[in-house]
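# An overview of the molecular structure
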Amino acid sequence: IAFASLPDFYNGITNTTSSTTPGSLIDRTDTFNVLGFYIQDDYRVTPRLTLNLGLRYEFATQLAEQQGRSSEIRNVRTDGTAGTLGPVFLNPTKKDFSPRFGFAWDVTGNGKTAVRGGFGLLYDTASWWGTAMIVTANNIPPFGSTSMGGSTTIQMTLPLTYPALGSSASIVNYNIRQPHMLQYNLAVERQLPWTMSLSVAYVGSRGINLPIYEEGNPELAGIPNPLAGQTGQDNCIARPAGQAFNVNATYCFLANPSAATPNATRLNPLLGSIVYIDAVSNSWYNAAQGNLTKRVTKGLTFQGAYTFSKAMDETNGSSGADGSGTPMDSYNIALERGRSAWDATQNFRFNATY
C-alpha cells in the first residue's frame, strides 16, 4: 500500500495498492547447466612478432522448471491474460562463440619498445537468469499475478478490492537476445633509463544487448491522433481489442475509459502494467591510460598511473535496485543515454616503497 503523503497515510487515503493475487503459485525450481570449451595458442610469426589466438564456446541448456510451472506472455502487443505454457524465454546462448585475439610486436628488435594489442568478444552466458526468474516467479499467468489498484482519494477499506483487469505481470522477452561485450586495447611500452618503464594505452569496451527492466505495456495517453482536426474525426478513437500494433505508428485510444476497461489507454488494452525484462541497453567505455613504473633498485620502487576516461550507458543496471529505474520510453531507449553513474573522468594513483 503506497500513500502520496504523510497526511494521507494518517488518514488512510491510498495512492496505489498492489498484492500478489490470492491463489498464485509462487515457488519455482528452475534448472539449467552451463558448459564451456576453449582452444588457445600463442603463435610466433617472427622473432619480433607474436600472436595470441583463442576461441571459446560457452552455452547454457534450456531453462526448465521442475514442477511444470512455466509459462510466458509471448507477445505483449497482442496476447491476452492467459499466458502460454512453456519456457519463460528461448535459450539465447546456442551461438555464443567468443573469439580472442592479441599481438605483441618488438618494434626495434632490441626489446626496449613494444606495441601490444588485443580484442575479445565476451558473453554474459546465464548470470542474469537467476535475477530474472526471481522477479517473474510469482507474476506470470496462469500461475500467478499481482493485483493492482489505481489512484484513489477515498479512505482505504479492508479487504482491498481491485478492478477486474487491474493485474500486473512480470515477464522476460520470449525472444530475448544474448548480452555481450566487445573489449579492445592498444598499448605502446618503452623501457627508460634508471630501471623505469612507460606505458601509454587506449582501452575500450562496448556493451551490447544489456538486460534492463522496462514498462512492457506503456500507456499511450498524450500521443496525438493523426486524424485529429479533420472534418468528422474525433480527437481519439477506440481500437479493436487485441489488435496488432506498429510501435512506429501514432496511436489512438479511448478518451475516457470506463472503470470496466482500465487498460484502454495502453498499447495492449487486454493487459495491465507489465514489468518487462529485455536485453536492449548499451554501454560505452573509452580511456587513455598512462603508467610509469620503476623497478626496485637500492631499495626504492614506485608506480604512477593516470587514466582519462568516459563511461556512458543507457541504464545503470538491470533493476531498480541498481538505481536505474525504468526508461522514459520503452521503445526509444536512446533517450536514456548519458554518463554512467560511476563515470570518473580523471583518476591518478601513485605508490612508492623505500
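How each quantity is defined
Residues numbered from 1 in each chain as written. Predicted model: local features only at pLDDT ≥ 70, side-chain atom pairs only at ≥ 80, totals over all residues. Heavy atoms only, no water. Helix = DSSP H or I, 4+ residues; strand = E, 2+ residues; numbered from the N terminus. Buried < 20%, exposed > 50% of the residue type's maximum accessible area, 1.4 Å probe, protein only. Contact = heavy atoms within 4.5 Å. Areas by Shrake-Rupley, 256 points an atom, 1.4 Å probe, with all protein chains shown as cover. Phe/Tyr/Trp six-rings, centres within 6.5 Å; stacked < 30°, edge-to-face > 60°. 1 Å grid on protein atoms, 1.4 Å probe; cavity = no way out; pocket = protein on both sides within 12 Å on 5 of 7 lines; lining within 4 Å. Points joined across faces, edges and corners; volume = space filled by probe spheres on them. Nonpolar A, V, L, I, M, F, W, Y, C, P; charged D, E, K, R; others polar. Arc of directions from axis to C-beta. Patch = residues over 30% accessible without salt bridge, like charges linked within 9 Å, V, L, I, M, F, W, Y side chains within 5 Å. Salt bridge = Lys/Arg side-chain N within 4 Å of Asp/Glu carboxyl O. Polar contact = N/O pair within 3.5 Å; in protein donor to acceptor, adjacent residues only side chain to side chain. Pairing = 2+ DSSP bridges. pLDDT = per-residue confidence, 0-100. Core = buried A, V, L, I, M, F, W, Y, C linked by side-chain atoms within 4.5 Å.

This part covers the overall build of the protein chain. Along its length, the protein chain carries 2 helices and 17 strands. For the protein chain, with 354 residues in total, the buried portion stands at 34%. Expressed as a percentage of contacts within the protein chain between residues at least 6 apart in sequence, the contacts between residues at least 24 apart total 71%. With an accessible surface of roughly 20,000 Å², the protein chain has 57% of that area assigned to carbon and sulfur atoms.

As a further point, take the packing of aromatic side chains. All chains considered together, the criterion is met by 11 aromatic pairs. Look at F3 and F9: their rings are 5.2 Å apart centre to centre, the planes differ by 75°, and that puts the pair in the edge-to-face class. The partly exposed category is assigned to F9, whose relative accessible area is 46%. Here the aromatic rings of F9 and Y10 are separated by 6.0 Å at their centres, their planes lie at 45°, and the arrangement is tilted. An aromatic cluster of three or more residues is present, and its members are F32, F89, W128 and W129.

To continue, consider empty space enclosed by the protein. Overall, the coordinates contain 1 cavity of 30 Å³ or more when judged by the stated rule. Computed from the structure, the largest cavity encloses a volume of approximately 90 Å³. What lines the largest cavity is R28, D30, E65, R69, S70, S71, V88, M133, T136, A137, I140 and F143. Its residues placed into classes, the lining of the largest cavity shows 5 nonpolar, 3 polar and 4 charged.

The subject of this paragraph is helix 2 (residues 129-136). Of the positions making up helix 2, those classed as buried are W129, A132, M133 and T136. For helix 2, the angular spread of the buried residues around the axis is 95°, confining them to a single face.

What follows deals with a nonpolar patch on the surface. On the surface, a nonpolar cluster with roughly 440 Å² of combined accessible area is contributed by Y43, V45, L53, F101 and F119. Checked against the element boundaries, F101 lands in strand 8 (residues 97-106). Since its relative accessible area comes to 38%, F101 is described here as partly exposed.

In the structure shown here, the tally under the stated rule is 5 salt bridges. A salt bridge links R69 to D27; its shortest N-O distance comes to 2.6 Å. Of this pair, R69 sits in the loop between strand 5 (64-65) and strand 6 (71-72) while D27 is found in the loop between strand 1 (17-20) and strand 2 (30-31), placing the two residues 42 residues apart along the sequence. R339 is paired through a salt bridge with D343; the nearest N and O atoms lie 2.8 Å apart.

On to the environment of S98. Tracing the backbone through its elements, the reader meets S98 in strand 8. For S98, a relative accessible area of 4% puts it in the buried group.

Our focus in this paragraph is the side chain of N217. Assignment of secondary structure puts N217 in the loop between strand 13 (196-215) and strand 14 (274-297). The class of N217 is buried, set by a relative accessible area of 0%. In terms of polar contacts, N217 uses its side chain to reach the backbone carbonyl oxygen of L271, at 2.8 Å. Those residues in contact with N217, other than ones at most four positions away along the chain, are V76, R266, L267, N268, L271, G272 and I274.

Looking now at the pairing of strand 15 (residues 300-313). Taken together, the 13 bridges between strand 14 and strand 15 define a ladder with antiparallel strand orientation. Each bridged residue has a counterpart across the sheet, and for W284 the counterpart in strand 15 is M312. As consecutive antiparallel partners, strand 14 and strand 15 are separated by 2 residues, and within that stretch K298 has a phi angle of approximately 55°, a positive value. Where strand 15 lies against strand 17 (residues 346-353), 8 bridges are found, and the strand directions are antiparallel.

Looking now at the confidence of the model for the protein chain. Overall, the predicted model of the protein chain reaches an average pLDDT of 82, with 81% of residues at or above 70. Segment residues 222-260: pLDDT under 50, and 60 contacts once partners within four positions in sequence are set aside and those in other chains are kept.

Judged by nonpolar contacts, the single largest core of 22 residues is most densely connected at F89, W129, M133, I171 and V172. Looking at this core, the element that brings in the most residues is strand 14, giving 4 residues. With residues near it in sequence (within four places) discarded, V172 still touches E72, V88, F89, A132, M133, T136, Y276 and I277.

Bridge analysis of strand 8 against strand 9 (residues 113-123) gives 7 bridges, and the strand direction is antiparallel. Bridge assignment links G102 to a residue of strand 9, and that residue is G118. Connecting strand 8 to the next strand, strand 9, in antiparallel fashion are 6 residues, including G109 with a positive phi near 90°. Where strand 9 and strand 12 (residues 180-192) come together, 11 bridges link them in antiparallel fashion. Bridge assignment links Y123 to a residue of strand 12, and that residue is H180.

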